[in-house]
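Secondary and tertiary structure notes
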Amino acid sequence: MNQLLTDANGLEIDFRCEDTEEGETLLFLPGSYANTSAWKGISKWLKKPYKRVFTSLRGYGYTMESRSVDDFKIDHQLEIIRAISKKIHTPFHIIGHSMGGLVGFAAIFSGEFPIKSIVSFEANPPWVLDKDKHSTTLTDTINIAKKFERAVNENDADAANIIIDFYGGKGTFSSFPEKVKDFCRRTVHVNLIDWLPIIRSEPAFFEKNLFKKSLIEMPVKLVIGEEANSLVKNINSELAIMFKKQSTLKIKGAGHFLISTHPRECADAIDQFITP
C-alpha cells in the first residue's frame, strides 16, 4: 500500500507498506540518491515472510526536505523514523544502505525507538572513527567532500560523479543508466546537505548511557562489499569492535552499490540474520 505520512512538522514522508504476510517487520532505509525502489531486487529474493516498510530519506523520493545549510542535524532524519514508528505500532528491524545505515545507527544510538536489530549494507557513520587512528581516511574523505561542495556551488552538471565514484570506484557514475544520472543531478543539492556534518566537522551527538546500552544489547549484521572503499571498511571495522552482538559479511565481487548489483546475496544475509 502506497501513501504519505505527515511528520510532526507537517511535512510529507515517503511510506509504502507491504503487510500481506505475517512475520517480522522490516524498515528499509535507502541511501543518498535513492528512494524506495532501491530495494526492489532484494525484496524479490527474500524468502521469509515479512511485513515490509519502505521510505526515503530527506529530499529523496516523496520525503520532503526539512534541513538547510544552517540546520542539518540528524534529528531531521530521525523524525522520519519517529513518524513511521508511530504509524506501524510495533517493534521493527532496520535494513539500511549507505546513509540509510548511518541513519539506522543514529536511531539505535538515540535509544528512542523499538528497534530489534539492524542489517546494514555499507553503512557509513563517520562519527565512529577515531580522528588519530583513522586520520588519513578522514582527511581524504573531507577533501573529497569539499571538492564536491565546490562543484555543487559552481553548478557543475556532473558534481554527483565525485561522490558516486568515491564510493563505487572510477567510472561508476558513467556506467549508470541515463535516468539514474538525471536523478542524481536533480538531487545533488540534497546530497550536499548529507555531507555537511563531515565538511563542517559537526558529527551527530548521542547521550553516552544510551549509546553504551545499544552497543551491548543490539544485534547487528554488518555487510560490506569486497571492493568497499577505505572509509566504509574502516567504519565497519570499528562498528564490529563496538557492538558486542555483531556479525560481519563481506560479499565477494561487490562494491558500494551491492544492494543493486548483488541483491540475492543481500537478501540471503537478511533472511539468515532476522529472527523473531
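Calculation criteria
Residues numbered from 1 in each chain as written. Predicted model: local features only at pLDDT ≥ 70, side-chain atom pairs only at ≥ 80, totals over all residues. Heavy atoms only, no water. Helix = DSSP H or I, 4+ residues; strand = E, 2+ residues; numbered from the N terminus. Rg over C-alpha atoms; globule rule 2.2 N^0.38 Å. Contact = heavy atoms within 4.5 Å. Areas by Shrake-Rupley, 256 points an atom, 1.4 Å probe, with all protein chains shown as cover. Lys, Arg positive; Asp, Glu negative; His and termini not counted. Charge placed at Lys NZ, Arg CZ, Asp CG, Glu CD. Buried < 20%, exposed > 50% of the residue type's maximum accessible area, 1.4 Å probe, protein only. Phe/Tyr/Trp six-rings, centres within 6.5 Å; stacked < 30°, edge-to-face > 60°. Lys NZ or Arg CZ within 6 Å of the ring centre and 35° of its normal. Axes fitted to C-alpha atoms, helices over the stretch in contact; angles between N-to-C directions. Parallel < 35°, antiparallel > 145°, perpendicular 65-115°, else oblique. Nonpolar A, V, L, I, M, F, W, Y, C, P; charged D, E, K, R; others polar. Salt bridge = Lys/Arg side-chain N within 4 Å of Asp/Glu carboxyl O. Polar contact = N/O pair within 3.5 Å; in protein donor to acceptor, adjacent residues only side chain to side chain. Pairing = 2+ DSSP bridges. Right-handed = clockwise from strand over helix to strand, strands pointing away.

With that settled, consider the overall build of the chain. Scanning the chain from terminus to terminus reveals 12 helices and eight strands. Taken over C-alpha atoms, the radius of gyration comes to 17 Å for the chain, in line with the 19 Å a tight globule of 276 residues would show. Considering only C-alpha atoms, the chain reaches an extent of 50 × 40 × 40 Å along its principal axes. Long-range contacts, defined here as pairs at least 24 residues apart, represent 75% of the contacts in the chain between residues at least 6 apart. Accessible surface, the chain: about 12,800 Å² in total, of which carbon and sulfur atoms supply 51%. Here the chain contributes 35 positively and 35 negatively charged side chains, and the mean placements of these two sets differ by 4 Å.

What follows concerns the environment of Asp-19. Within the secondary structure, Asp-19 is located in the loop between strand E2 (12–18) and strand E3 (24–29). With relative accessibility at 47%, the residue Asp-19 sits in the partly exposed group.

Quick look at the packing of aromatic side chains now. Geometrically, a pair of aromatic rings is defined through the distance of the ring centres and the angle of the planes. Evaluated as defined, the whole model comprises 16 aromatic pairs. Ring centres of Phe-109 and Phe-206 lie 5.5 Å apart, and the angle between their planes is 65°; on these two criteria the pair is classed as edge-to-face. You can see Phe-109 sitting in helix H3 (residues 99–110) and its partner Phe-206 sitting in the loop between helix H8 (188–199) and helix H9 (208–217), a full 97 residues away along the chain. Just as Phe-109 is buried, Phe-206 falls in that class too. With 6.4 Å between their ring centres and 35° between their planes, Phe-206 and Phe-211 make a pair best called tilted. Residue classification places Phe-206 among the buried residues on the basis of a relative accessible area of 12%. Chaining the aromatic ring pairs together yields one cluster made of Phe-105, Phe-109, Trp-127, Phe-206, Phe-211 and Phe-243. The ring of Phe-54 has Arg-16 lying over it, and the distance from NZ or CZ to the ring centre is 4.3 Å.

Below, the discussion takes up the packing of helix H2 (residues 75–88) against H3. One way to put it is that H2 packs onto H3 with a least axis distance of 10 Å and a crossing angle of 75°. The angle between H2 and H3 places the two elements in the roughly perpendicular class. Residue-level inspection shows Gln-77, Leu-78 and Ile-81 of H2 in contact with H3, the latter providing Met-99, Val-103, Ala-106, Ala-107 and Ser-110. Across the contact of H2 with H3, the residue classes tally to six nonpolar, two polar and no charged.

Turning our attention to the environment of Leu-5. Note on placement: Leu-5 falls in strand E1 (residues 2–6). Classification of Leu-5 as buried rests on a relative accessible area of 8%. With 58 residues separating them in the primary sequence, Leu-5 and Thr-63 have C-alpha atoms 9.0 Å apart. Apart from residues no more than four positions distant in its own chain, Leu-5 is found in contact with Leu-11, Glu-12, Ile-13, Phe-15, Ala-83, Ile-84 and Lys-87.

Right, let's get into the pattern of salt bridges. For the structure shown, the criterion picks out 15 salt bridges. With its nearest N and O atoms 2.9 Å apart, the salt bridge here joins Lys-213 to Glu-217. Taken as a pair, Lys-213 and Glu-217 lie in helix H9 at a separation of four residues, close to a single helical turn. We classify Lys-213 as partly exposed; its relative accessible area is 46%. Through salt bridges with shared partners, a single ionic network connects Asp-158, Glu-178, Lys-181, Asp-182 and Arg-185.

Before going further, it helps to spend a moment on the side chain of Asn-124. Position of Asn-124 among the secondary structure elements: in the loop between strand E6 (115–121) and helix H4 (135–153). A relative accessible area of 7% places Asn-124 in the buried class. Here Ser-98 takes part through its side chain, which lies 3.3 Å from a polar atom of the side chain of Asn-124. There is a polar contact of 3.0 Å between the side chain of Asn-124 and the side chain of Tyr-167. Excluding residues that lie within four positions of it along the chain, Asn-124 makes contacts with Ser-98, Met-99, Leu-102, Tyr-167 and Ile-235.

Here E6 lies mainly inside the structure; six of its seven residues are buried. As defined by bridge partners, strand E5 (residues 92–97) adjoins E6 across six bridges and the pair is classed as parallel. When the bridges of E6 are listed, Gly-96 appears paired with Ser-120. Crossover connection from E5 via H3 to parallel E6: handedness right-handed.

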